[in-house]
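Okay, here's what each chain looks like letter by letter:
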Amino acid sequence: MLTVDGITVRFGGITALDGVAFTVEPGTAVGLIGPNGAGKTTLFNCLTRRCTPDAGTVSFDGVDLLALAPHAVAECGIARTFQNLGLFPRLTVRENVMVGAHSRGRTGHLAAALRLPRVRREEAELRDRADELLRRLGLEDLADHPASGLPFGTLKRVELARALAVRPRLLLLDEPVNGLSHGEVGQFADLVRSVRRDFDVTLVVVEHHMGFVMGLCDKVVCLDFGRKIAEGPPEDIQRDPVVIEAYLGVAA
Amino acid sequence: MRSMTAVLDRTRHGRFALAALLAAAVAMAVPFYFAPFQVFQLTMVLVYAVALAGLNLLVGFGGQISLGHGAFFAAGAYTAAIMLDRFDTGHLATLPVAAAACFLLGLGFGVPALRLRGLYLALVTLSLAVFLPPLLKRLEAVTGGSMGLTVEKPQPPAWSGLAEDQWSYFVVLAVSAVALLVARNLLRSRVGRALLAVRDNESAAEVMGVRLSLHKTFAFAWSAMFAGVAGCLYTWVIGFVSPDSFSFVLSITLLAGLVVGGLASLYGPLLGAAFVMYVPSVAQDLSEAAPGVVFGLLIIAVMFVAPTGLAGLASRAGGAVARRRAGAAASDRSSVAEPPPESTSEPSAPRTPVDPESVEAEPVGAPPRTEKE
Ligand SMILES: Nc1ncnc2c1ncn2[C@@H]1O[C@H](COP(=O)(O)OP(=O)(O)OP(=O)(O)O)[C@@H](O)[C@H]1O
Ligand SMILES: [Mg+2]
């Protein structure tokens, strides 16, 4: 479904990604791990056209992702969450989710200004769909609450709801349980698992929480200093001396 | 759960319809109870409200900035004046032309604005405002140079039995009601949400599929169009344009009015317009010598008391009232978010007659959001 090949990204002197290649099969969940600064977020940024690699190709269901305009990625069926939350703080929770469905709407400026009947219809539809997602994620009571000022764990769920509103086939989660308490991590893992099943999405997850990654993923890719140092089933990766070395090297 | 929201929605709509009806009635009655000069002042409040509503789209909801909206205002005013003066078209014909011309002008400026941000954008738009009056003076053959142009005001048809000031008021009321409705429509749609999303978090918005360049340039274009429509109305009401009426001070006054009225508030522009219209004359009364200083001090005072503008103050007061009334009702969230109609008929100053329209043109039941940031 997703094929990343030879991606290289340089920022001035540093090479954030260096010839990274891997594939994601439809319906699977792939974990992307690696020490801080390994280039995981940068890789996500390449997949969502936030940054353009200096070399390499990315193809998604046969579409050359790097040839797309940044706003066209969502339409392709790719959604993501952000490492440090990328919500719209002054919009309500419901509006945040409705923005997620932006690429599914058709209303243009003129139609909106005149509030044609089809605009009303589309608004009602988007609203219903957003409310359905909010119910699904247990957020319905917060629909009219501004997205700022809610607990962090709740915001993570709001962001997940917004990503699902894109109707993604590929969902990229950047450190979804980072900053959550121990109990919340377990809940969030259950939520992601059920969402994955119900919405039939393929997942790529960046996460430092090994329990979360190992419990969720079918395959794990490990990056270090922008290079892929290991790839395989979670059990193997956990025991891989190269991976352990990379993590310990950082910790030491 | 769902049926409850439906009921809430319906009562909200009902209340909105009632408030709108009441406001419309008051707005219709106003010109018969006030002296012509006061009616003229109210008309000008409506004119400025249209310009501020446009500026609000760009600054309040779009998160961009413009210190040059006086130039779009002037462009609209001159388009109307030139059409009336040179081509003797009727008044009505000038409105769509001024609107379209300023929309395109805004689109043209929106493109370079894409590359600019914050202070740089402020500076470039300011230079537009500074550069326009001398240009208008130069193009004497068309614009009448420094002397300006005097044009006819719309004349009340005989059947109406209205005086000139009353007729102007009603014409402007109609146009501004439509303009404010259009602004509200835009905001309550997919494109409005996209604009807000871009303001709040550009890259997240783009990842959600929002085309930044499109929405930003269109925000500029709409915004300029509203300013142009306001300028066109200005020409109708005043019957005279000259370059000195549109100095860069106008641009700055508009921005100040918007901030005082309340950024990103749907009825902030009406409050801001009243401020722009009445406060300079109040300042004049307080101090003959330095009205500018008094005006400035009043702005500072308002921002100190109400950092989110008069609209923020009003909705906070309204929220407090609603909370007290609702008690511990389950619906408290929505009633706080929604400014009850009374809240609009608020504050200060000797300008009671303004409030009615603010209710009328102000979509009260609009999405909650913003004011409180
Ligand atoms: N826009 C940028 N400009 C310059 N350098 C950048 C930029 N984005 C990332 N980098 C650098 O690229 C490297 C990889 O960063 P990246 O954010 O991808 O790491 P990461 O694996 O996500 O780390 P973490 O686990 O801390 O989130 C880092 O050295 C970082 O400083
Ligand atoms: Mg990261």
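Use the structure listed above.
Right, let's walk through the structure included here. (Residues numbered from 1 in each chain as written. Chains lettered and ligands numbered in written order. Predicted model: local features only at pLDDT ≥ 70, side-chain atom pairs only at ≥ 80, totals over all residues. Heavy atoms only, no water.)

On to the overall build of chain B, then. Along the backbone of chain B there are 17 helices and two strands. Looking at chain B as a whole, 57% of its 373 residues are labelled buried. A sequence separation of at least 24 residues applies to 79% of the contacts in chain B between residues at least 6 apart. (Helix = DSSP H or I, 4+ residues; strand = E, 2+ residues; numbered from the N terminus. Buried < 20%, exposed > 50% of the residue type's maximum accessible area, 1.4 Å probe, protein only. Contact = heavy atoms within 4.5 Å.)

With that settled, the discussion passes to the overall build of chain A. When helices and strands are tallied, chain A shows ten helices and ten strands. Against the globule reference of 18 Å for 252 residues, chain A gives a C-alpha radius of gyration of 19 Å, in line with a compact fold. Expressed as a percentage of the 252 residues in chain A, the buried residues total 56%. Sequence separation of 24 or more characterises 68% of the internal contacts of chain A that already satisfy a separation of 6 or more. (Rg over C-alpha atoms; globule rule 2.2 N^0.38 Å.)

Positive phi outside glycine occurs at A:R49, with the angle close to 60°. Considering the arrangement of structural elements, one finds A:R49 in the loop between α1 (40-47) and β4 (55-60). If you check the backbone angles, B:D88 has positive phi at about 55° while not being a glycine. Tracing the backbone shows B:D88 in the loop between α3 (69-86) and α4 (91-113). B:D88 gets classed as exposed once you look at its relative accessible area, which sits at 67%.

All names here are of chain A. If you check the shell around ligand 1, you find 13 residues, and the closest are N36, K40, T41, T42 and Q83. Here an oxygen atom of ligand 1 sits 2.8 Å away from a polar atom, N or O, in the side chain of K40. In the model, an oxygen atom of ligand 1 is placed 2.5 Å from a nitrogen or oxygen of the T42 side chain. Calculation on ligand 1 without its partners gives an accessible area of 640 Å², and the protein chains cover 62% of this total. Among the secondary structure elements, those contributing two or more residues to the shell around ligand 1 are β2 (14-24) and α1. When residues of the shell around ligand 1 are assigned to their parent elements, the largest contribution, three residues, is made by α1. Each residue belonging to the shell around ligand 1 can be placed in one class, and the counts come to four nonpolar, seven polar and two charged. (Near = heavy atom within 4 Å. Polar contact = N/O pair within 3.5 Å; in protein donor to acceptor, adjacent residues only side chain to side chain. Areas by Shrake-Rupley, 256 points an atom, 1.4 Å probe, with all protein chains shown as cover. Nonpolar A, V, L, I, M, F, W, Y, C, P; charged D, E, K, R; others polar.)

This paragraph deals with the interface of chain B and chain A. Facing 35 residues of chain B, the contacting portion of chain A comprises 38 residues. Taking both partners together, chain B and chain A bury about 3,600 Å²; carbon and sulfur atoms supply 59% of that area. Contact with chain A buries area across many residues of chain B, yet B:R190, B:R193 and B:M208 alone supply 23% of it, more than any other trio. The interface formed by chain B and chain A includes three salt bridges. When the shortest N-O distance is used, the salt bridge between A:E123 and B:R193 registers 3.0 Å. Per-element tally for the side of chain B that touches chain A: the top contributor is helix α8 (residues 190-200) of chain B, with eight residues. (Buried area = accessible area lost by both parts, 1.4 Å probe. Salt bridge = Lys/Arg side-chain N within 4 Å of Asp/Glu carboxyl O.)

Residue and element names in this part refer to chain B. All told, the structure shown has 13 aromatic pairs over all chains when counted by the stated rule. Relative to F170, the ring of F32 lies with its centre 6.0 Å away and its plane at 45°, an arrangement referred to as tilted. In this pair, F32 is assigned in the loop between α1 (2-29) and α2 (36-61) and F170 in helix α7 (residues 164-187), connecting sequence segments 138 residues apart. Residue F170 is classed as buried on the basis of its relative accessible area of 16%. A network of ring pairs unites the aromatic residues Y48, F73, Y78, Y234 and F246 as a single cluster. (Phe/Tyr/Trp six-rings, centres within 6.5 Å; stacked < 30°, edge-to-face > 60°.)

Another point: the pattern of salt bridges. Side-chain pairs of opposite charge can arise whenever the charged atoms involved come near each other. Within the structure shown, the criterion is met by 19 salt bridges over all chains. In this structure, the salt-bridge partner of A:D174 is A:R80, at a minimum N-O distance of 4.0 Å. Placement of A:D174 in strand β7 (residues 170-174) and of A:R80 in strand β6 (residues 78-80) is noted, with a sequence separation of 94 residues between them. A:R80 shares its class with A:D174; the two are buried. Ionic contacts of the salt-bridge type, sharing partners, join the residues A:R90, B:R199 and B:D200 into one network.

Turning to the sheet that holds strand β3 (residues 29-33) of chain A, a few remarks are in order. All names here are of chain A. Strand order in the open sheet formed by six strands is β6-β7-β8-β3-β9-β10, with mixed pairing between adjacent strands. Of all strands in the sheet, those bounded by a partner on one side alone are β6 and β10 (227-232). On average, each strand axis in the sheet is tilted by 15° relative to the strand beside it, whichever way the strands run. On top of the sheet, helix α6 (residues 152-165) reaches β6 and β7; it is set at about 160° to β7, its chief contact. (Pairing = 2+ DSSP bridges. Axes fitted to C-alpha atoms, helices over the stretch in contact; angles between N-to-C directions.)

The next point concerns the environment of A:K228. All names here are of chain A. Of note, K228 is situated in strand β10. On the basis of relative accessibility, which here comes to 31%, the residue K228 falls in the partly exposed class. Spatially, the C-alpha atoms of K228 and L32 are 9.9 Å apart, while their sequence positions differ by 196 residues. What K228 contacts, discounting residues up to four positions off in sequence, is V20, A21, F22, V221, C222 and L223. Polar contacts involving the side chain of K228 include one to the main-chain carbonyl oxygen of A21, which spans 2.7 Å. A distance of 2.4 Å separates the side chain of K228 from the side chain of E231, its partner in a polar contact.

Take the sheet that holds strand β1 (residues 2-11) of chain A next. Residue and element names in this part refer to chain A. Read across the open sheet, the four strands follow the order β2-β1-β4-β5; overall the sheet is antiparallel. Both edges of this open sheet fall to β2 and β5 (63-64), since each of them pairs with a single strand only. Relative to β4, β1 runs antiparallel, the two being bridged by five bridges. For L2, the partnering residue across the bridge sits in β4 and is F60. Here α1 sits on the sheet in contact with β1, β2 and β4, set at roughly 115° to β1.

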